[in-house]
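Report on the structure
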Amino acid sequence: VASFDRAIPPGGEGKITLSVRTKSYEGAHRWSAEVHTNDPKMKTIDLYVKAFVKVPIYLSPRYVNFNGREGQSLTRVVEIRAGRDEPLTLTPSQFNLEGKLTYTVDEIEKGRIFKIRFTSIPGAPQTYHGFLNLKTNYPEKPEINIRIRGRFVKVKKPAGESS
Amino acid sequence: MVLKEREFDFKDVKEGKIIRHTFQVLNQGDETLEIEKVAPG
């Protein structure tokens, strides 16, 4: 969001204020705004604000996407990092893609870094959406929701080959 | 138009906070400087 002085007299000073709501962001981010003026030497100019948005728990990536062909087994890994000094614990609580995916939770660095490894179960062409929920011991972030999307397309058989 | 800065670094901020920064714009020309639009990217 931006607010600004629309007209600044010769020799005068004006302001351009940029505001950013950091909800749902995490990690390093840079936001820009393009300023349009009547100055022939500077018709447009970009302004930037940047920040490192701290969260109790970092998720990377935040969503899981499987894109493949029927019968294919793919693996995707989500890394979870503690953003606080207190050791983090994770407990799987809900998973609604049984039969389509399997997952494992590996503690890479005790209480700090975890890797969730999702592997698709080979099957027919299909599309699905689901999630894995993990309970945590951080009261300000009691649950992590990892959303998962899968799209496996039919394999085209070469012309002349019967099925 | 003269800007004292084009970028501002808030460093570490807690998720959920609204961050706000004001850029100073100087008009060192002879005509009124008009800011027509500021389009957040």
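Up top is the structure.
Summarised in this report is the structure supplied together with it. (Residues numbered from 1 in each chain as written. Chains lettered and ligands numbered in written order. Predicted model: local features only at pLDDT ≥ 70, side-chain atom pairs only at ≥ 80, totals over all residues. Heavy atoms only, no water.)

For chain B, the count of helices and strands is 0 helices and 4 strands. Taken from the N to the C terminus, the helices and strands of chain B come in the order β-β-β-β. Across its three principal directions, the C-alpha atoms of chain B cover 45 × 20 × 15 Å. The buried share among the 41 residues of chain B stands at 32%. As presented, chain B carries roughly 2700 Å² of accessible surface, and 43% of it is formed by carbon and sulfur atoms. (Helix = DSSP H or I, 4+ residues; strand = E, 2+ residues; numbered from the N terminus. Buried < 20%, exposed > 50% of the residue type's maximum accessible area, 1.4 Å probe, protein only. Areas by Shrake-Rupley, 256 points an atom, 1.4 Å probe, with all protein chains shown as cover.)

To continue, consider the overall build of chain A. Within chain A one finds 0 helices and 13 strands. When the elements of chain A are put in sequence order from the N terminus, they spell out β-β-β-β-β-β-β-β-β-β-β-β-β. Relative to the compact-globule value of 15 Å for 163 residues, chain A shows a C-alpha radius of gyration of 24 Å, a clear excess of over 25%. By principal-axis analysis of the C-alpha atoms, chain A measures approximately 75 × 55 × 20 Å. Relative to its full complement of 163 residues, chain A shows a buried share of 35%. Taking the intrachain contacts of chain A between residues at least 6 apart in sequence as the baseline, contacts between residues at least 24 apart amount to 56%. Counting 27 positive and 17 negative side-chain charges, chain A places the centres of these two groups 5 Å from one another. (Rg over C-alpha atoms; globule rule 2.2 N^0.38 Å. Contact = heavy atoms within 4.5 Å. Lys, Arg positive; Asp, Glu negative; His and termini not counted. Charge placed at Lys NZ, Arg CZ, Asp CG, Glu CD.)

Contacts between chain A and chain B engage 46 residues on the former and 39 residues on the latter. Summing both sides of the interface, chain A and chain B together bury roughly 3900 Å²; the carbon and sulfur share of this comes to 54%. On inspection of chain A and its partner chain B, the count reaches 2 salt bridges. A salt bridge links Glu7 of chain B to Arg30 of chain A, with the nearest nitrogen and oxygen atoms 2.5 Å apart. (Buried area = accessible area lost by both parts, 1.4 Å probe. Salt bridge = Lys/Arg side-chain N within 4 Å of Asp/Glu carboxyl O.)

Attention shifts here to the pattern of salt bridges. Counted under the stated rule, the structure contains 8 salt bridges over all chains. Close ionic contact of Lys135 of chain A with Glu143 of chain A constitutes a salt bridge, the shortest N to O distance being 3.5 Å. Taken together, the salt bridges that share partners define one network made up of Arg30 and Lys50 of chain A together with Glu7 of chain B.

A separate point is the sheet that holds strand β2 (residues 7–8) of chain A. Reading across from one edge, β2(A)-β4(B)-β4(A)-β5(A)-β2(B) is the order of the 5 strands in this open sheet, with mixed pairing throughout. Unpaired on one side and paired on the other, β2 of chain A together with β2 (7–14) of chain B mark the two borders of the sheet. (Pairing = 2+ DSSP bridges.)

Take the nonpolar core next. Counting residues in each nonpolar core, the largest one holds 24 residues, and the members touching the most others are Phe66, Ile80, Phe118, Ile146 and Ile148 of chain A. In terms of residue count, the dominant contributor to this core is strand β13 (residues 143–153) of chain A (4 residues). Counting 22 residues, the second largest nonpolar core, distinct from the first, contains Leu18 and Trp31 of chain A together with Leu3 and Leu33 of chain B. (Core = buried A, V, L, I, M, F, W, Y, C linked by side-chain atoms within 4.5 Å.)

Next up on the list: the sheet that holds strand β1 (residues 2–4) of chain A. Pairing is antiparallel in the open sheet, where 4 strands are placed in the order β1(A)-β3(A)-β3(B)-β1(B). Edge positions in the open sheet fall to β1 of chain A together with β1 (2–3) of chain B, since each of these has one partner strand only.

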